[in-house]
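Descriptive structure summary
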Amino acid sequence: MAAVEGWEDVPAQVRRRHAELATEIEEHRVRYYEQDAPIVSDAEFDSLMRELEALEAEHPALVTPDSPTQKVGGGAAEGFTKVEHRERLLSLDNAMDDGELAAWADRVARELDGIDYHYLCELKVDGLAVNLTYEHGRLTLAATRGTGRVGEDITANIRTIKEIPQQLKGDDLPALVEIRGEVYLPTEAFEELNASFAAENERRKAENEERAKEGKRPQALLKLFANPRNAAAGSLRQKDPLVTASRPLHMVVHGIGAREGFVIDCQSHAYQLLRDWGLPTAKHNEVVGTLDEVRAFIKQYGEQRHSVEHEIDGVVVKVDEIALQGRLGSTSKSPRWAIAWKYPPEEVTAKLASIKVGIGRTGRATPYAVLAEPVKVAGSMVQYATLHNQQVVKAKGVLLGDTVVLRKAGDVIPEILGPVEDLRDGTEQEFVMPSHCHECGSELRPMSEGDIDLRCPNAEFCPAQIRERIAYLGGRESLDIEGLGYVAATALTQPLEPADAPVKNEGDIFGLTVEQLLPIRVLVRDPKTGMPKLDDATGEEREVAFFANLKGQPKKNTTVLLDNLAGAKERQLWRYLNGLSIRHVGPVAAQAVAREFRDLDRIFAASEEELAAVEGVGPIIAKAIVEWYQEDWHREILRKWREAGVRFVEEAPEEEGERPLEGLTVVVTGTLAGHTRDGAKEALVVRGAKVTGSVSKKTDFVVVGDNPGSKYDKAVQLGLPVLDDAGFAVLLESGPAAARAHLGLPTGEEEPAEVTTEGADQG
Ligand code: IVH
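Keep in mind it's a predicted model, so treat the numbers as computed, not measured. (Residues numbered from 1 in each chain as written. Predicted model: local features only at pLDDT ≥ 70, side-chain atom pairs only at ≥ 80, totals over all residues. Heavy atoms only, no water.)

Quick look at the overall build of the protein
- Scanning the protein from N- to C-terminus turns up 24 helices and 22 strands.
- Against the 2.2 N^0.38 benchmark of 27 Å for 763 residues, the protein shows a C-alpha radius of gyration of 31 Å, consistent with a compact globule.
- Taken along the three principal axes of its C-alpha coordinates, the protein extends 90 × 70 × 65 Å.
- For the protein, the proportion of its 763 residues judged to be buried stands at 47%.
- Pairs at least 24 apart in sequence give 67% of the contacts found in the protein among residues at least 6 apart.
- The average position of the 90 basic charges and that of the 127 acidic charges among the side chains of the protein differ by 2 Å. (Helix = DSSP H or I, 4+ residues; strand = E, 2+ residues; numbered from the N terminus. Rg over C-alpha atoms; globule rule 2.2 N^0.38 Å. Buried < 20%, exposed > 50% of the residue type's maximum accessible area, 1.4 Å probe, protein only. Contact = heavy atoms within 4.5 Å. Lys, Arg positive; Asp, Glu negative; His and termini not counted. Charge placed at Lys NZ, Arg CZ, Asp CG, Glu CD.)

The structure is reproduced here in structure tokens:
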């Protein structure tokens, strides 16, 4: 770094840190812009940059022309012709919190004191910046941003994007205009592209085995893209435009550079003009008058980030009036008339400490990742992430000790996308799926031929399976017993050495007594990590009584549990059936069966054919029910429940208000932010709604999440009430009339909808 005046006065350790940061940022920049192979998340990059900016703000002598803070974007890559932009492509300053946004707005207000102006709110598209030059309406050049001054000529590739016109429409076209925008790959197309790569890799692997036998060299495997942005970059910077043409790239316009021969007053009006010329403009923009409205826009898209067809990493707020933009001006790097609000990152990197295997209530062995430390993803702390099964671990290519990319979409379960291979140091190790259940020692195996999942076959005695089943039995979709959650289930099912656990299986639940509960002790655990907490003084694990206070008397949770267990002897039939954790039987199937047979004895006396004939059931579920009942110990559970006073006959009438959605037919499509698809269906079913798979005139509501399918189109065609996340929440909390009111529809007494077919669930 070249010295400038005053540089020597900067403390040595600050200079060292500055140099370190500058070097590191430069490396990341090359990886990001030129190699499409970043090894840190955008958030980590931003935080390094901010540290550098803070150092330079405090010691201006550190600001030299070659500092990363003075550069925009990346450099031009090798292999493409370099082109100079007529007008520089600037970057944007970021606002990471409301204080920074307000500070920007204050500055603008001060500069524009007394002038009326508006904010234009746009989504910040996570794609690739491009600059298109149109001369007399013809596309003559397309370039990447590159350094901001010099980019790469990608005209041939850009011409393959259907949405980008070669020739603008209209008569009065300007002699010259530079159109700036973002090229992106829609999230769905990204997923399809990676899936097709994965399938091609499977094919190549199989072929490579043959080739090996013939002594031929193996074919290389395709590298999957880490995210849609990398996929877009990789697709656009292809030497062969035919490859680019095969990728469904899109573009959205977000600005104008150099121009000759036309004048515009507002950026939002310019977009209208560009739309008329045939250019792809954004659907989601909004012009507002106050900062609070800007905040509302930010909040709205923060909540429905995934309902947009492309990835967004924030919101760009611009002063809409072009003359005022000129008045506010720009720094060397970014305009003063715009700011980028950044959403909390949804993708972070973290160290994979180990992969453990959990045993579920039906015995399924599920590998899950344990991160070395909890990390914040999309606003919440995450330390574990499911890996589904051993094939998924393989397909993702993660090794123990890898730095992995982690993603959390909405409040859905966190997912590991894959390893950052370039950060490997050779010490990483392959995960080997254990051959035996770590809780009971049984050999794990697939339950039927062709099953990917391995299961612990010891349903009767495996402590993990018993614990999980008991917790599920107490859960909302089963008997809904207050006081019987996961922690209580753990406490109740652990042995009281030398005696057995008070709950050896479901059969013992209704017979529990105070005397059995009081001696139960549990390990003190860290609520965040779930790991045992060690005693400060001794360094040992600590145990405390779970149901007794220090005097040995029952705590409140004891009475709560026992009272609620007593109350749970009169629930609807389907709740018991669902609570038995019979494979493939979830609330939807349990309701269908209970509705049809109305009595537990009749259900278990039915043949597979009779069960399968029930609407919403089918042969797999029917077989599972029949097989379940063939086990002696299963029948013993039912005997004990009966002995304790459970009657098992429909219809213990639901309490007033418990089935607020009774009589409604609802279809769920797409990914909801607040629920998994099955979770959404269950939430409806437990409230009495009928969930079906197909949209018809008789459907009362269609709940539509992110990336909905054709069901959404059909709902719109039929003019049915369509609920988004927020509307769905209203339906669940306040019922159909409130949901209709939420949509602005009349809420008068409608005819209850007729029940239609479908709605099988596979538990
Ligand atoms: S305006 C002079 N609007 O984000 C202002 N940029 O991090 C130029 N981007 O360089 C940018 N969506 O490549 C603008 N709606 C939007 C955008 C957007 C994405 C990109 C753009 C910019 C980068 C800054």
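Now, onward.
Thoughts on the site of the ligand
- Near the ligand, the surroundings consist of 14 residues, among which E122, L123, K124, R145 and E182 are the closest.
- Within the side chain of R145, one N or O atom sits 2.7 Å away from an oxygen atom of the ligand.
- Within the complex, the protein chains bury 88% of what would otherwise be the 520 Å² of accessible surface of the ligand.
- Of all the secondary-structure elements, those providing two or more residues to the shell around the ligand are strand 3 (119–125) and strand 10 (312–319). (Near = heavy atom within 4 Å. Polar contact = N/O pair within 3.5 Å; in protein donor to acceptor, adjacent residues only side chain to side chain. Areas by Shrake-Rupley, 256 points an atom, 1.4 Å probe, with all protein chains shown as cover.)

A closer look at the pairing of strand 21 (residues 701–704)
- Taking every second residue as pointing to the same face, both faces of strand 21 are buried, with F701 and V703 on one and V702 and V704 on the other.
- Sheet topology note: the strand 19 (residues 665–669)/strand 21 ladder contains four bridges and is parallel. Bridge pairing in strand 21 places V667 opposite V702.
- Regarding topology, helix 23 (residues 710–718) serves as the crossover connection from strand 21 to the parallel strand 22 (residues 722–723), and that connection is right-handed. (Pairing = 2+ DSSP bridges. Right-handed = clockwise from strand over helix to strand, strands pointing away.)

Some details on the sheet that holds strand 20 (residues 690–692)
- Here we have four strands laid out as an open sheet, ordered 20-19-21-22, and parallel in their pairing. The sheet terminates laterally at strand 20 and strand 22, the two strands that pair on one side only.
- Along the sheet, helix 23 contacts strand 19, strand 21 and strand 22; its crossing angle with strand 19, the most-contacted strand, is approximately 135°. (Axes fitted to C-alpha atoms, helices over the stretch in contact; angles between N-to-C directions.)

A look at the environment of E570
- Take E570: it is sitting in the loop between helix 15 (556–567) and helix 16 (573–579).
- Judged by relative accessible area, E570 falls into the exposed class, the value being 64%.
- Along the chain, E570 and S41 lie 529 residues apart, while their C-alpha atoms are 53 Å from each other.

Describing the packing of aromatic side chains
- By the definition in use, this model includes 13 aromatic pairs.
- Centre to centre, the rings of F262 and W277 are 5.5 Å apart; their planes meet at 70°, and the pair counts as edge-to-face. With F262 in the loop between strand 8 (250–260) and helix 8 (267–277) and W277 in helix 8, the pair connects residues that are 15 residues apart, well separated along the chain. This pair shows no difference in class: F262 is buried, exactly as W277 is.
- On the numbers, 4.5 Å between centres and 15° between planes, the contact of F604 with Y629 is stacked. Here Y629 lies in helix 20 (residues 619–629) and F604 lies in helix 18 (residues 600–605), a separation of 25 residues in the sequence. (Phe/Tyr/Trp six-rings, centres within 6.5 Å; stacked < 30°, edge-to-face > 60°.)

Topic: the state of the cysteines
- Applying the stated rule across the entire model yields zero disulfides.
- A disulfide-free cysteine, C121 has its sulfur positioned 14 Å from the sulfur of C266, the nearest such atom.
- C456 takes part in no disulfide bond, and the closest cysteine sulfur to it belongs to C440, at a distance of 3.5 Å.
- A residue is classified by how much of its surface remains accessible, and C456, at 2% relative accessible area, is buried. (Disulfide = S-S within 2.5 Å.)

Remarks on the pairing of strand 10
- In terms of residue burial, strand 10 counts as a mostly covered element, since eight of its eight residues are buried.
- Pairing of strand 10 with strand 11 (residues 338–342), which is carried by five bridges, proceeds in the antiparallel orientation. Note that in strand 11 the partner of V317 across the bridge is I339.

A short note on unusual backbone geometry
- With an omega dihedral of 0°, the bond running from E497 to P498 counts as a cis peptide bond.
- By the secondary structure assignment, P498 is in the loop between helix 13 (486–493) and helix 14 (514–517).
- Non-glycine residue H136 carries a positive phi angle of around 50°.
- With respect to the helices and strands, the residue H136 is situated in the loop between strand 4 (128–135) and strand 5 (138–144).
- We classify H136 as exposed; its relative accessible area is 58%.

Focus: the sheet that holds strand 9 (residues 286–288)
- The sheet built from five strands is open, its strands ordered 2-11-10-3-9 with mixed pairing. Single-partner strands in this sheet number two, and they are strand 2 (94–95) and strand 9.
- By the bridge criterion, seven bridges tie strand 3 to strand 10 in an arrangement that is antiparallel. Pairing of L120 across the sheet is with K318, part of strand 10.
- Contacts from helix 3 (residues 98–111) reach strand 2, strand 3, strand 10 and strand 11 within the one sheet, and its direction differs from that of strand 11 by about 170°.

Observations concerning helix 5 (residues 187–213)
- Over its 27 residues, helix 5 runs 40 Å from end to end, which matches the ideal 39 Å to within 8%, given 1.5 Å per residue.
- Here helix 5 has its buried residues at T187, A189, F190, L193, N194, F197, N201, R204 and N208.
- Looking at the buried side of helix 5, the elements it contacts are helix 6 (228–236).
- Taken from the residues just after helix 5, G215 is the one with a positive phi, measuring 75°. (Expected span 1.5 Å × (residues − 1).)

Concerning helix 2 (residues 42–58)
- The first and last C-alpha atoms of helix 2 sit 24 Å apart over 17 residues, in line with the 24 Å expected at 1.5 Å per residue.
- Here helix 2 has its buried residues at F45, D46, L48, M49, L52, L55 and E56.

Some words on the environment of A738
- With respect to the element layout, A738 can be found in helix 24 (residues 725–742).
- The spacing of A738 and G727 is 11 residues in sequence and 9.0 Å in space, taken between C-alpha atoms.

So, the side chain of R305
- By secondary structure assignment, the location of R305 is in the loop between helix 9 (291–303) and strand 10.
- Using a relative accessible area of 11% as the deciding quantity, one classes R305 as buried.
- Looking at R305, its side chain comes within polar contact range of the main-chain oxygen of I312, at 3.3 Å.
- Discounting chain neighbours no more than four positions away, the residues touching R305 are I312, D313, Y343, P344 and E346.

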